Amino acid sequence: MEQGAYKYIRDGNSKVCRVIRIGTRKSQLARIQTDSIAEKLKELYPEVTLEIIGMTTTGDKILDTALSKIGEKSLFTKELETALERNEVDLVVHSLKDLPTTLPPGFTIGAILKRENPHDAVVLHPKNAGQTLDTLSKNSVIGTSSLRRAAQLKKRFPHLEFKDIRGNLNTRLKKLDEKEDYSAIILAAAGLKRMGWDERISQILEPEDCMYAVGQGALAVEVRARDTDILDMVSVLHHTDTVLRCIAERAFLRKLEGGCSVPVAVHTELKDSQLYLTGGVYSLDGSDSLKETMQASISAGKKGAEQVDEQVDERVQRVGVTATKIWGPDQDSAEQLGTSLADLLLSKGAKSILAVARQLNDAR
């Protein structure tokens, strides 16, 4: 039965239970990711009934065009957010890297879970087993639709060629294995690990070779900002280190006004109460680039735990993230770090590099 915006059912004992409806993309990886979050919520709230609703997004339908050419920032999120807006679902699970740094009004990221390995991985064609990008022969073709990956790898491995490849993980691996078009493809290590395909990872790309996308490897739960009960329910899933790193990364990207259509890359690390952020912007061929590192002090831990109670009622979003149980000043430091690093790169000419990259991408 429906009551207001919410859905309820009667259990076997005629007790009325609230149903929490979770929206997700239909791909195998999306379902695995959503199921993992549903399991966590079920452990925390055994009395709640969960219902998973799969949807197809624009990005899932357009399989013959590179994402960077489509120019839409919410390719994998729009349909899910529409369902959220219409109260057809109560929360939505995303890969954080798919979520724009500015969310539509009325939505917020209520949880960012502990990050899986954020780095990119090389998956070789079976005939090239045992090789690395360094040892592949001249003019070997590497499949990636990411401008960020291609720009960095063209500079680092000039003997290789890079060609677009689209589709979900299963589709791309099939294209690699069953044809001779690609010597290798580049994929996010996190997706391969979540699918249980660790054995396909031939090489993990270190930051010196290829920095990752903003938010890569982290899962996000998006909710209606006014839905305080759902917001409180999912907020326990937040992983403090991941939240602070991703706030810094998202603030960096937002200030640069970057997205799928420009090559922007990051690397973050939190150690000894210091948050380190490295950010880079690149021309499409990688020949022109800017890369800098900055750091900020983070109290994360004891001070945050002691002080956090007074922050709970503060419904503040930082780059689309609401994390009321994480010490506010630490979140502010992370956000300021991202903005400051972007300002530094902009002062050194990042805007013109990105503008040219955008124009060339549009003309491709």
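Residues numbered from 1 in each chain as written. Predicted model: local features only at pLDDT ≥ 70, side-chain atom pairs only at ≥ 80, totals over all residues. Heavy atoms only, no water.

Novice: Please set out the side chain of Gln-152 residue by residue, giving values where relevant.
Specialist: With respect to the secondary-structure elements, Gln-152 resides in helix H5 (residues 147-156). Given the relative accessible area of 5%, Gln-152 is considered buried. Side-chain polar atoms of Gln-152 contact the backbone nitrogen of Met-211, separated by 2.6 Å. When neighbours within four sequence positions are excluded, Gln-152 is seen to be in contact with Asp-209, Cys-210, Met-211, Ala-265 and Tyr-282. (Helix = DSSP H or I, 4+ residues; strand = E, 2+ residues; numbered from the N terminus. Buried < 20%, exposed > 50% of the residue type's maximum accessible area, 1.4 Å probe, protein only. Polar contact = N/O pair within 3.5 Å; in protein donor to acceptor, adjacent residues only side chain to side chain. Contact = heavy atoms within 4.5 Å.)

Novice: Break down unusual backbone geometry for me, citing the residues and quoting the values.
Specialist: A positive phi angle, close to 60°, is found at Asn-87, a residue other than glycine. Residue placement: Asn-87 occurs in the loop between helix H4 (78-85) and strand S5 (91-95). Unusually for a residue other than glycine, Val-319 sits at a positive phi of about 45°. Here Val-319 shows up in the loop between strand S16 (317-318) and strand S17 (321-322). When its relative accessible area of 2% is taken as the criterion, Val-319 is described as buried.

Novice: I'd like to hear about the nonpolar core, residue by residue, with values.
Specialist: Formed by 39 residues in total, the largest nonpolar core has its most connected members in Leu-96, Ile-109, Ile-112, Phe-252, Leu-256, Val-264 and Val-281. Secondary structure elements with two or more residues in this core: strand S6 (107-112), helix H9 (240-256), strand S13 (264-271), strand S14 (274-282), strand S15 (289-297), helix H11 (328-347) and helix H12 (350-363). For Phe-252, the contacting residues outside a window of four places in its chain are Val-264, Ala-265, Val-266, Leu-277, Gly-279, Gly-280, Gly-338, Thr-339, Leu-341, Ala-342 and Leu-345. Residues Ile-37, Leu-41, Val-221 and Leu-231 belong to the second largest nonpolar core, which totals 19 residues. (Core = buried A, V, L, I, M, F, W, Y, C linked by side-chain atoms within 4.5 Å.)

Novice: How would you sum up the pattern of salt bridges? Please name residues and give values.
Specialist: Opposite charge on two side chains makes pairing possible when the charged atoms of those side chains draw close. The full count for this structure, using the stated rule, is 17 salt bridges. In this structure, Asp-134 and Arg-156 form a salt bridge, with 3.6 Å as the shortest nitrogen-oxygen distance. Here the residue Asp-134 occupies a position in the loop between strand S7 (120-124) and strand S8 (141-143), and Arg-156 occupies one in helix H5, the gap between them amounting to 22 residues. (Salt bridge = Lys/Arg side-chain N within 4 Å of Asp/Glu carboxyl O.)

Novice: Quick one: what's the story with helix H6 (residues 169-178), residue by residue and with numbers?
Specialist: Where H6 is concerned, the buried positions are Leu-169, Arg-172, Leu-173 and Leu-176. With its buried residues spanning 95° around the axis, H6 presents them on a single face. On the buried face of H6, the contacting elements are helix H1 (28-44), S7, strand S10 (184-188) and helix H7 (189-194). At the N-terminal end of H6, a side-chain oxygen is found 3.2 Å from the backbone nitrogen of Asn-170, two or three residues along, and the residue is Asn-168. (Arc of directions from axis to C-beta.)

Novice: Account for the confidence of the model for the chain, with residues named and values stated.
Specialist: Per-residue confidence for the chain averages 87 on the pLDDT scale, and 84% of its residues sit at or above 70. Long-range and interchain partners of residues 60-65, a stretch whose pLDDT sits below 50, account for 10 contacts in this model, where long-range means more than four residues apart. Between residues 302-314, whose pLDDT stays under 50, and residues either more than four places distant or in other chains, the model counts 14 contacts. (pLDDT = per-residue confidence, 0-100.)

Novice: Pulling in residues and values, what's your account of the packing of aromatic side chains?
Specialist: Counting across every chain of the model gives 0 aromatic pairs. One cation-aromatic arrangement involves Lys-163 over Tyr-182; the distance from NZ or CZ to the ring centre is 5.4 Å. Here Lys-271 stacks its cationic end above the ring of Tyr-276, 5.9 Å away from the centre of that ring. (Phe/Tyr/Trp six-rings, centres within 6.5 Å; stacked < 30°, edge-to-face > 60°. Lys NZ or Arg CZ within 6 Å of the ring centre and 35° of its normal.)

Novice: Describe in detail the layout of surface pockets, supporting the description with residues and values.
Specialist: Counted as a void, the second largest pocket has a volume near 180 Å³. Taken together, Ile-32, Gln-33, Ser-36, Lys-40, Leu-113, Lys-114, Arg-194, Leu-219 and Leu-237 make up the full set of residues lining the second largest pocket. Of the residues forming the lining of the second largest pocket, the biggest block, 4 residues, is contributed by H1. Classifying every residue of the lining of the second largest pocket gives 4 nonpolar, 2 polar and 3 charged. (1 Å grid on protein atoms, 1.4 Å probe; cavity = no way out; pocket = protein on both sides within 12 Å on 5 of 7 lines; lining within 4 Å. Points joined across faces, edges and corners; volume = space filled by probe spheres on them. Nonpolar A, V, L, I, M, F, W, Y, C, P; charged D, E, K, R; others polar.)

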